[in-house]
Amino acid sequence: MFFDGATNFKGVGIGIVLISELGQHYRTSAKMRFPCTNHIVKYEASILGIRMAVDMNIKELLVIEDYDLFIHQVQGEWTTKNVKILPYLHCVKELCKKFTKIEFKHIPRIQNEFADALATL
């Protein structure tokens, strides 16, 4: 699963791309109807994407994102004291329990172009 969030003068958007082992692409994008930071929009995008995977009955998931802060927080390597982020982090960790295997991987931004384009729409 690739995901991204974008905040700009036009608003806040998220993009998700799920790719099956057979190469089938399932994509979605959404516009957020409330103001939020770049950090929060990344969590919103990840939650929507992970929920999509749960709804599709996916049991093993590789989550790929270009925002290393998110990756390190979800993996428990870095902590946060930000009270606005903590509920999002807790939600992601609860959703992770629905998988037999879930991994998080950081990639360079250039490799996340498709999800970024969906988020920017």
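Here, every reference points to the structure presented above.
Residues numbered from 1 in each chain as written. Predicted model: local features only at pLDDT ≥ 70, side-chain atom pairs only at ≥ 80, totals over all residues. Heavy atoms only, no water.

Caption draft 1: Representation of the packing of helix 1 (residues 38-55) against helix 3 (residues 86-96). It is at 10 Å that the axes of helix 1 and helix 3 come closest, and there the two elements cross at 20°. Classified by the angle between their axes, helix 1 and helix 3 sit roughly parallel to one another. Considering how the two elements wind past one another, helix 1 and helix 3 form a crossing that is left-handed. For the pair formed by helix 1 and helix 3, the contact residues are Ile40, Tyr43, Glu44, Ser46, Ile47, Ile50 and Arg51 on the first element and Tyr88, Leu89, Cys91, Val92 and Leu95 on the second. (Axes fitted to C-alpha atoms, helices over the stretch in contact; angles between N-to-C directions. Helix = DSSP H or I, 4+ residues; strand = E, 2+ residues; numbered from the N terminus. Parallel < 35°, antiparallel > 145°, perpendicular 65-115°, else oblique. Left-handed = near helix turned anticlockwise from the far one by under 90°. Contact = heavy atoms within 4.5 Å.)

Caption draft 2: Local environment of the pairing of strand 2 (residues 11-19). Across the nine residues that make up strand 2, a large majority, seven, are buried. Alignment of strand 1 (residues 2-8) against strand 2, held across seven bridges, turns out to be antiparallel. For Phe2, the partnering residue across the bridge sits in strand 2 and is Val17. The loop that links strand 1 with its antiparallel partner strand 2 comprises two residues. Across eight bridges, the pairing between strand 2 and strand 3 (residues 25-32) is antiparallel. Directly across from Ile19, in strand 3, lies its bridge partner His25. (Buried < 20%, exposed > 50% of the residue type's maximum accessible area, 1.4 Å probe, protein only. Pairing = 2+ DSSP bridges.)

Caption draft 3: Local environment of the side chain of Asp4. With respect to the helices and strands, the residue Asp4 is situated in strand 1. At 2.3 Å, the side chain of Asp4 forms a polar contact with the side chain of Lys42. (Polar contact = N/O pair within 3.5 Å; in protein donor to acceptor, adjacent residues only side chain to side chain.)

Caption draft 4: Geometry of the side chain of His39. Structurally, the position occupied by His39 is in helix 1. Aside from chain neighbours lying at most four places away, what touches His39 is Tyr67, Leu69, Gln73 and Ile85.

Caption draft 5: Geometry of the pattern of salt bridges. In the structure shown here, the tally under the stated rule is five salt bridges. With a closest N to O distance of 2.8 Å, Lys97 and Glu94 form a salt bridge. Owing to a relative accessible area of 62%, Lys97 belongs among the exposed residues under this scheme. If you follow the salt bridges from partner to partner, you end up with Asp4, Lys42, Glu65 and Asp66 in one network. (Salt bridge = Lys/Arg side-chain N within 4 Å of Asp/Glu carboxyl O.)

Caption draft 6: Representation of helix 1 in the model. Taking 1.5 Å of rise per residue, 18 residues should cover 26 Å, and helix 1 covers 26 Å from first to last C-alpha, within 8% of that figure. The buried fraction of helix 1 amounts to 13 of the 18 residues, a majority that puts the element mostly inside the structure. Asn57 sits one or two residues past helix 1 and shows a positive phi near 60°. (Expected span 1.5 Å × (residues − 1).)

Caption draft 7: Local environment of the nonpolar core. Met1, Tyr43, Leu61, Phe70, Val92 and Phe104 are the most contacted members of the largest nonpolar core, which has 29 residues in total. Those elements giving two or more residues to this core turn out to be strand 2, helix 1, strand 4 (60-65), helix 2 (68-74) and helix 3. Tallying contributions element by element places helix 1 first for this core, with eight residues. (Core = buried A, V, L, I, M, F, W, Y, C linked by side-chain atoms within 4.5 Å.)

Caption draft 8: Summary view of the environment of Val41. As for its position among the elements, Val41 is in helix 1. Overall, Val41 belongs to the buried group, its relative accessible area being 0%. Sequence separation between Val41 and Ile14 is 27 residues; the distance between their C-alpha atoms is 7.1 Å. In contact with Val41, other than residues within four places in its own chain, are Gly5, Ala6, Thr7, Val12, Gly13, Ile14, Met32 and Cys36.

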